[in-house]
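As a plain string of letters, each chain reads:
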Amino acid sequence: MSDLGLSAWPFLLLILLLPAGSWLSRRRRRRLPAATLGLSPPPMASRFWAASPLLLRSVALGLVAVALAGPIRSVRTVEERSEGTTILIAFDVSSSMLAEDFRPENRLAVAREEVRRFVEGRVEDRIGLVAFAGEALTVVPGTLDHELLLQAVESLDVGQLEDGTAIGTALATAVNRLRAVEEGARVVVLLTDGDNNRGTIDPLDAAAAAEVLGVRVYTIGVGRDGVAPVPIGRTRFGYQYANMPVQVNDELLDAVAKRTGGLYFRATDPEALARIYDRIDALETAPIREERSVERASVRHEFIIFALVALLLELIGSALRGRRSLGP
């Protein structure tokens, strides 16, 4: 959006002198002897030839007055900028994630797919990945290179880390990665299907550290309670499964989330897990910061150029008119 203003508007009062100058010029012309007026131009152009020098001169002087008034063009711009959110996804890759209670896929495959969909919907955010089982490993720190992140998610698999479920260690690792982030919200999404049974860090202590740093934690418990087909061994033909008791520590995960101002969700089927990621996506909307700026530039030279063009046309017209008066 642009506006035109004047820095010295009183100079516009000079334009009021133009009618007086025009009146004096016409009066002087009426007093000149007929012989000094030269030959009359063709009838259809007579009025134009008579008025054009005075008209062009008035236009030129008017443009000079506007130029003296200091015309300034102001361009106002409004830019909306998303501050973004930095999200660390802590992903459980313990052997129980191969349980097939999310048939036709196992928990791991369904969780990978929903994380991929979640990442694709957060184009403005830095997202990182922490894989954990009996230990935790930062696979990708917070990044805007979501293609790299998605490749890392697809490569997650059971057996990459020592088996077990170290929830406290995983949360502490993710929170530590967010410690250096200064702008925007900081969030951890922790997904697991079990209870904390490995590591030296208590999950509630890690949650307390997250609270101090202003990191919000969302926890997701994956799987049904009761009995599910769980791998108990592996041969060259694949995993061997047996129905084993499985249980998610809902109380612990709920306490961790509430301590940081987050929420705990339970996903007992693929559709529920999809809804949970949609809910987190809606809860963690990035704030929009509006930046306004005004750029001012003088346009005086443009009016001076137009004035010179008008004077040049007057000179050309006067020269042609004088030549016609002299005849061949």
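To be clear, the structure that these remarks concern was listed above.
Because the structure is a prediction, the values reported are computed rather than measured. (Residues numbered from 1 in each chain as written. Predicted model: local features only at pLDDT ≥ 70, side-chain atom pairs only at ≥ 80, totals over all residues. Heavy atoms only, no water.)

Quick notes on the overall build of the protein chain
Then, number 1: The helix and strand inventory of the protein chain stands at nine helices and eleven strands.
Then, number 2: Taking all 328 residues of the protein chain together, the buried fraction comes to 39%.
Then, number 3: Look at the contacts in the protein chain between residues 6 or more apart in sequence, and 79% of them connect residues 24 or more apart.
Then, number 4: Accessible surface, the protein chain: about 18700 Å² in total, of which carbon and sulfur atoms supply 57%. (Helix = DSSP H or I, 4+ residues; strand = E, 2+ residues; numbered from the N terminus. Buried < 20%, exposed > 50% of the residue type's maximum accessible area, 1.4 Å probe, protein only. Contact = heavy atoms within 4.5 Å. Areas by Shrake-Rupley, 256 points an atom, 1.4 Å probe, with all protein chains shown as cover.)

What about the sheet that holds strand β6 (residues 185-192)?
Backbone hydrogen bonds hold the strands of a sheet together, and the pairing may be parallel or antiparallel.
Then, number 1: Strands sit in the order β5-β4-β3-β6-β7-β10 across an open sheet of six strands; the sheet is mixed. Lying at the two open borders of the sheet, with one neighbouring strand each, are β5 (136-143) and β10 (264-267). Between one strand and the next, the sheet's axes are offset by a mean angle of 15°, whatever the strand orientation.
Then, number 2: On the sheet, helix α4 (residues 146-154) packs against β4 (126-132) and β5 and is oriented at approximately 20° with respect to β4.
Then, number 3: Here helix α5 (residues 167-178) sits on the sheet and contacts β3 (85-92), β4, β5, β6 and β7 (216-222); the angle it forms with β6, its principal contact strand, is near 160°. (Pairing = 2+ DSSP bridges. Axes fitted to C-alpha atoms, helices over the stretch in contact; angles between N-to-C directions.)

Let's talk about the nonpolar core
Then, number 1: Within the largest apolar cluster, 38 residues are counted, with the highest numbers of intra-cluster contacts made by F91, L129 and I220.
Then, number 2: Breaking this core down by element, the ones donating at least two residues are β3, α3 (107-120), β4, α4, β6, β7, β10 and α8 (270-283).
Then, number 3: Among the elements that make up this core, the one with the highest residue count is α3 (six residues).
Then, number 4: Setting aside its immediate chain neighbours within four residues, L129 contacts L88, I89, F91, L137, T138, V139, V140, L149, A152, V153 and L156. (Core = buried A, V, L, I, M, F, W, Y, C linked by side-chain atoms within 4.5 Å.)

Description of a nonpolar patch on the surface
Then, number 1: A grouping of I305, F306, V309, L312, L313 and I316 is seen on the molecular surface, where their side chains present a nonpolar patch of about 560 Å² in accessible area.
Then, number 2: Of note, L312 is situated in helix α9 (residues 300-326). (Patch = residues over 30% accessible without salt bridge, like charges linked within 9 Å, V, L, I, M, F, W, Y side chains within 5 Å. Salt bridge = Lys/Arg side-chain N within 4 Å of Asp/Glu carboxyl O.)

Section: the packing of α5 against helix α6 (residues 203-213)
Then, number 1: α6 packs onto α5 with a crossing angle of 20° between their chain directions and a minimal axis gap of 8 Å. For the element pair α5 / α6, the angle class is roughly parallel. Our pair here, α5 against α6, has a crossing hand that is left-handed. Residues I167, G168, L171, A172 and V175 of α5 touch α6, and the partners they reach there are P203, A206, A207, A209, A210 and L213.
Then, number 2: Here the residues of the contact of α5 with α6 are counted per class, giving ten nonpolar, one polar and no charged. (Parallel < 35°, antiparallel > 145°, perpendicular 65-115°, else oblique. Left-handed = near helix turned anticlockwise from the far one by under 90°. Nonpolar A, V, L, I, M, F, W, Y, C, P; charged D, E, K, R; others polar.)

What about the pairing of strand β9 (residues 238-246)?
In regular strands, side chains alternate between the two faces of the sheet.
Then, number 1: Two elements, strand β8 (residues 226-235) and β9, share nine bridges in a ladder whose sense is antiparallel. In the strand pairing of β9, V227 is matched with P245.

Here's the deal with the packing of aromatic side chains
Then, number 1: In this structure the tally under the stated criterion is one aromatic pair.
Then, number 2: Both rings, one in F118 and one in Y277, keep their centres 5.4 Å apart while their planes meet at 45°; by these two values the pair is tilted. Residue F118 is found in helix α3, and its partner Y277 is found in helix α8; the two are separated by 159 residues along the sequence.
Then, number 3: According to the relative accessible area criterion, F118 is buried, its value standing at 4%. (Phe/Tyr/Trp six-rings, centres within 6.5 Å; stacked < 30°, edge-to-face > 60°.)

These figures come from the coordinates and say nothing about function on their own.
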